[in-house]
Amino acid sequence: MEKFTKITSIATPFPRSNVDTDIIIPAKHLKSIKRTGFAAGAFESVRYDAGGTLIEDNVFDGPKYKGAQILIAGDNFGCGSSREHAPWAIDELGYRCIIAPSFADIFASNCIKNGILTVSLPQADVDALVMAAEAGHPITVDLDAQTVACENALYTFDFNPTHKDMLMEGLDEIGQTLKSKGAIADFEAKQKLMTPWLYR
Amino acid sequence: MPKTMPKTMYDKIWDNHLVEERGKGVGLIYIDRHLVHEVTSPQAFDGLRAAGRDIRRRDSIIAVPDHNVPTKDRDQDNPDAMSVAQLEALEANSKEYALDYIPMNDARQGIVHVIGPEQGFTQPGVTMVCGDSHTSTHGAFGALAFGIGTSEVEHVMATQTLLLKKAKNMRVTVNGDLPVGCSAKDVALAIIGAVGTAGGTGHVIEYAGSVIEALTMEGRMTLCNMSIEAGARAGLVAPDDKTFNYIKGRPYAPKAGQWDAAVSFWRSLRSDEGAKFDKEVVLNGNDIVPQVTWGTSPEDVVPVTGEVPAPETFSEPSKQEGAQKALDYMGLVAGQKITNISVDRVFVGSCTNSRIEDMREVAAVIKGRKKADTVKEVLIVPGSGLVKAQAEEEGLDKIFEAAGFDWREPGCSMCLAMNADKALPGEHVASTSNRNFVGRQGPGARTHLVSPAMAAAAAIAGHFVDVRDF
Ligand code: SF4
C-alpha cells in the first residue's frame, strides 16, 4: 500500500449528507470476483443519466476537478451496507483522502484497510473547504501534523494513532501483522519440532 | 499461574498456537490448516496479487469447489455465468499458487467440510479455518475450527495467523443413551432448542457425556457442524480411539514413523480434570425424541410428537412477534400437529448430513418403498465423490432410484441454493441441512430441518412421521 504522509491537490466537492455505500457502488456491480474494476460503476447515479449516458460535466468526470485526490463529502458519509467495495471504488477513482463532518464506522475502518485517509472536521470548516474546492484552490492534507491547509486557513483534526501509523507506513492489517514475521517464524520452528506431521 | 492449573481443551489449543500476546485477551494465533472454496476466496487471491504478497504455507491449504457446482449434467455447459467465473478463478488461483487443488471432476471432490476429514487433513489439536461458518464441523476431531471472512482468508494466506479474541469455555454434556431412531442431528437440534441460537455466543462449546462418546465420528461431525447454530463459533469433542482409527491411513494423516508420537500428543489434548467452564448445560439423552423445526430459526424446534407452538406461549413480546412472522412465512397454524405438515420436496445432503452413514440411514428407512406421489422431488446429494462411490459400491443408489429419489453429484446443492437446486415459493422441504432461514433454499421456500432418517420417512409418507414407528 502507498504510504500516506502529505498530499496537495485540488478537491472534488460532493457535500451531500448520508451518502450510503449503495450510492458509492450500487449492488449490481458487486458480482465481480476481483477487488478492482469498480471505477466504472462508482457513483453511478451521480455520473450517468437515467439512460446510462455519462453526464459530461459531473464533478467526478468533468474537466474542472480532473486529477483530484481529495473528496470533500457530507456528514454520515459511507453509511449502509458494510461492503468493502465502496473504498475500493473510491480508491480506483484516484482519491486518497476524504474530508467530511462525519463518517459511518465500518466505512471508515474499511478506508484505513485500503490506505484511504478519512478526515473529520466541523461542518463549518467543511463548508469553507467546499467553497475553496469550487474555486479551484489546492488543499494540503498533512497526516503527520494532522492538519488541513487551504489558502490562509489551517484546520487540525483528530486521528487514531494506530491507524495513523498504518497509513504513514503504508501498512494494511496484513502489513501490520507481518511486522511480527520473526515471531511467526520462531513459532514455526518450535512447532515443527513438536508436531512435525503438520509440515510437508 | 501455578503450573497445575487445570485447562480445558480449548485453552490448550489456544496456548499451543499463541504467537504473540496482545493484551486484553487478544492474541496473534497461528493457523495450521486452511480450506479454500470458490465463493469466499477470489478477492483474497486478488488482494495478495495487488499487494505483491505470496502464500506463506502452501502445505496448509486444500482448495476445492463446492458451493455452486452443479449436481447433475456436469459434462454440459454451466448456464450460470457467475458460478463459472468463480469456479474458473479457483482453478486459476490454485494453479498460480501451486496449491493442492481438487477439481470438480475429481473423485475426491465434495463439500469442504466432508473432504477435510476424509483426506485426513483434519486432525486433533490443529487450528483450522475456512471462509465458511460451518468450519465448526472439524471440531469433531478435537480441532479448533471456525469460519472466517474474505479479508481474513487473505490474512491467513499471507501471514498464517489471525488476530483473535479468546472465547469463553462452555460445556454441553449429554448423559444417558440415545433412543433407537434418534441420531446426532436430533441431539444437535435438541441442544439448540434448549440453549437457543444465542446460547453459545462468545463461547467455544465442548461436547461431553456418554451420548457424545457413543457417537461415531460422522455423528460427532453432524453435532459440531451445528455449533454455529447454537451461537458458538466452534465446537469440540475430545479425541479418542475412534478419532485416531478414523484418521489412520488417510492421505494427509501422520505417516508411520510419526504416528505414535502424534497419537500420544493427541491424547494429551482432552480437558483436564477440574478444568473450569464459564457455562455448563446438561441434557439427558434418554429424553431426546426425533426433532423437526417449524419456524425460520434453528431454535424453532419441537419433537415430532409435538405441535406447532402458539406465539402467545413465548415469554418475550419480541419472540412472540418473531414466532407469528415465522408461522406466516411457513404457512402453519398454532396447534397444528407436526405430523400433519405435508412435504413437497426432500433434500438429503449438506455438510451436516451427507456422509456415508447418512446415506445408509436413508436407505435403511426406505428400502422396498416408494416416495409419496405428492412429493415432487427427493434429492440425495452425497457430500463427496468418495461418499458417492462407497454408496454405489453398497448398492444404495439402486435403493434410492427404486424409491423414485434423485441421486446426484456431490456439492452444497439445496443447502443454500446457489446452484440450480432450489425449492419453489411456498413449498415445504424436509431438509437435512443446518439453516432454515427465510429464502435459504430458494425464495419463499419453507425449510424443516430434520435427521436423514426423518427426511427419508417424510419422503415416503408425504408428511412428517415419527421414524421410530415407521
Ligand atoms: S453444505 Fe451448506 S452449510 Fe455446508 S458448506 Fe455448503 S453451503 Fe455451507
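All of these numbers come straight from a predicted model, not from anything done at the bench.

## Quick notes on the overall build of chain B
Move 1: The number of helices and strands found in chain B is 15 helices and 19 strands.
Move 2: Taking the principal axes of the C-alpha coordinates as reference, chain B spans close to 55 × 55 × 45 Å.
Move 3: In chain B, which comprises 470 residues, the share counted as buried stands at 63%.
Move 4: Partitioning the intrachain contacts of chain B with sequence separation of at least 6 by distance along the chain shows that 76% fall at a separation of at least 24.
Move 5: Counting only carbon and sulfur atoms, one obtains 52% of the accessible surface of chain B, whose full area is about 16900 Å².
Move 6: With 49 positive and 61 negative side-chain charges, chain B shows a spacing of 3 Å between the two charge centroids.

## Some details on the sheet that holds strand S3 (residues 70–73) of chain A
All names here are of chain A.
Move 1: Reading across the sheet, the four strands line up as S2-S3-S4-S5 and stay open at both edges, with parallel pairing between neighbours. The strands lining the two open edges of the sheet, one partner per strand, are strand S2 (11–14) and strand S5 (117–120). For this sheet the average axis-to-axis angle between neighbouring strands, irrespective of direction, equals 20°.
Move 2: Bridge analysis of strand S4 (residues 97–100) against S5 gives four bridges, and the strand direction is parallel. Each residue of the ladder has a partner; that of Ile98, found in S5, is Thr118.

## Digging into the packing of helix H6 (residues 184–195) of chain B against helix H8 (residues 217–225) of chain B
Two numbers describe a pair of packed helices, the interaxial angle and the distance between the axes.
All names here are of chain B.
Move 1: The contact between H6 and H8 brings their axes to 8 Å, and the two run at 25°. Comparing their axes, H8 and H6 come out roughly parallel. In this structure, the crossing between H6 and H8 has a hand that is right-handed. From H6, Ala184, Lys185, Val187, Ala188 and Ile191 reach across to H8, where they touch Gly219, Thr222 and Leu223.
Move 2: For the contact of H6 with H8, the residue count by class is five nonpolar, two polar and one charged.

## Some thoughts on the environment of B:Asn434
Residues and elements named next belong to chain B.
Move 1: With respect to the element layout, Asn434 can be found in the loop between strand S18 (428–431) and strand S19 (446–449).
Move 2: Sequence separation between Asn434 and Ser297 is 137 residues; the distance between their C-alpha atoms is 9.8 Å.
Move 3: Here Asn434 is in contact with His134, Asn225, Met226, Glu229, Pro298, Cys351, Thr352, Cys415, Arg440 and Leu449, once residues within four sequence places are set aside.
Move 4: Among the polar contacts listed, one links the side chain of Asn434 to the side chain of His134, at a separation of 3.3 Å.

## Some thoughts on the sheet that holds strand S3 (residues 33–36) of chain B
Move 1: Spatial ordering of the open sheet is given by S5-S4-S3-S6-S7 (chain B), a layout of five strands whose pairing is parallel. Two strands lie at the open edges of the sheet, namely strand S5 (100–101) and strand S7 (144–147) of chain B, each paired on one side alone.

## A look at helix H2 (residues 42–51) of chain B
Move 1: Among the 10 residues of H2(B), seven are classified as buried, and the element is accordingly described as predominantly covered.
Move 2: Turning to H2(B), its buried residues are B:Pro42, B:Gln43, B:Ala44, B:Phe45, B:Asp46, B:Gly47 and B:Leu48.
Move 3: Buried-residue contacts for H2(B) involve helix H3 (85–92) of chain A together with S3, helix H3 (81–96) and helix H5 (150–159) of chain B.
Move 4: A positive backbone phi angle near 65° is found at B:Gly52, which sits one or two residues after H2(B).

## Considering the packing of H2(B) against H5(B)
All names here are of chain B.
Move 1: The interhelical angle for the contact between H2 and H5, taken along N-to-C directions, is 50°, at an axis separation of 8 Å. When the axes of H2 and H5 are compared, the pair comes out oblique. Crossing of H2 over H5 shows right-handed handedness. Listed contacts from H5 to Gln43, Ala44, Phe45, Gly47 and Leu48 of H2 are Thr150, Val153, Glu154, Met157 and Ala158.
Move 2: Partitioning the contact of H2 with H5 into residue classes produces six nonpolar, three polar and one charged.

## Quick look at the interface of chain B and chain A
How large an interface is tends to be reported as the accessible area lost when its parts come together.
Move 1: Each side of the interface is counted separately: chain B has 41 residues, and chain A has 31 residues.
Move 2: Roughly 2900 Å² is buried in total at the junction of chain B and chain A, and carbon and sulfur atoms are behind 57% of that figure.
Move 3: Considering only the side of chain B, the residues that lose the most area to chain A are B:Gln43, B:Arg53 and B:Arg56, jointly responsible for 19% of the buried surface there.
Move 4: The interface formed by chain B and chain A includes five salt bridges.
Move 5: A salt bridge links A:Glu188 to B:Arg56, with the nearest nitrogen and oxygen atoms 2.9 Å apart.
Move 6: Where chain B meets chain A, there are 14 residue pairs in polar contact (both at pLDDT 80 or more).
Move 7: For the side of chain B that touches chain A, the elements supplying multiple residues, two or more each, are strand S1 (18–21), strand S2 (26–30), H2, H3, H5 and helix H10 (256–267) of chain B.
Move 8: Of the residues assigned to the side of chain B that touches chain A, the class counts are 17 nonpolar, 12 polar and 12 charged.

## As for helix H4 (residues 105–113) of chain A
Residues and elements named next belong to chain A.
Move 1: Listed in full, the buried residues belonging to H4 are Phe107, Ala108, Asn110, Cys111 and Ile112.
Move 2: Check the buried side of H4 and you find it contacts helix H1 (21–24), H3, S4, S5 and helix H6 (161–169).
Move 3: After H4 finishes, the residue Gly115 shows a positive phi value of roughly 75°.

## A look at the side chain of A:Thr12
All names here are of chain A.
Move 1: Looking at the secondary structure, you find Thr12 in strand S2.
Move 2: Judged by relative accessible area, Thr12 falls into the buried class, the value being 0%.
Move 3: Here the side chain of Thr12 touches Tyr95 through a polar contact of 2.7 Å, side chain to side chain.
Move 4: When neighbours within four sequence positions are excluded, Thr12 is seen to be in contact with Val59, Phe60, Tyr65, Ala68, Ile70, Leu71, Ile72 and Tyr95.

Reading the values: rules and limits
- Residues numbered from 1 in each chain as written.
- Chains lettered and ligands numbered in written order.
- Predicted model: local features only at pLDDT ≥ 70, side-chain atom pairs only at ≥ 80, totals over all residues.
- Heavy atoms only, no water.
- Helix = DSSP H or I, 4+ residues; strand = E, 2+ residues; numbered from the N terminus.
- Buried < 20%, exposed > 50% of the residue type's maximum accessible area, 1.4 Å probe, protein only.
- Contact = heavy atoms within 4.5 Å.
- Areas by Shrake-Rupley, 256 points an atom, 1.4 Å probe, with all protein chains shown as cover.
- Lys, Arg positive; Asp, Glu negative; His and termini not counted.
- Charge placed at Lys NZ, Arg CZ, Asp CG, Glu CD.
- Pairing = 2+ DSSP bridges.
- Axes fitted to C-alpha atoms, helices over the stretch in contact; angles between N-to-C directions.
- Parallel < 35°, antiparallel > 145°, perpendicular 65-115°, else oblique.
- Left-handed = near helix turned anticlockwise from the far one by under 90°.
- Nonpolar A, V, L, I, M, F, W, Y, C, P; charged D, E, K, R; others polar.
- Polar contact = N/O pair within 3.5 Å; in protein donor to acceptor, adjacent residues only side chain to side chain.
- Buried area = accessible area lost by both parts, 1.4 Å probe.
- Salt bridge = Lys/Arg side-chain N within 4 Å of Asp/Glu carboxyl O.

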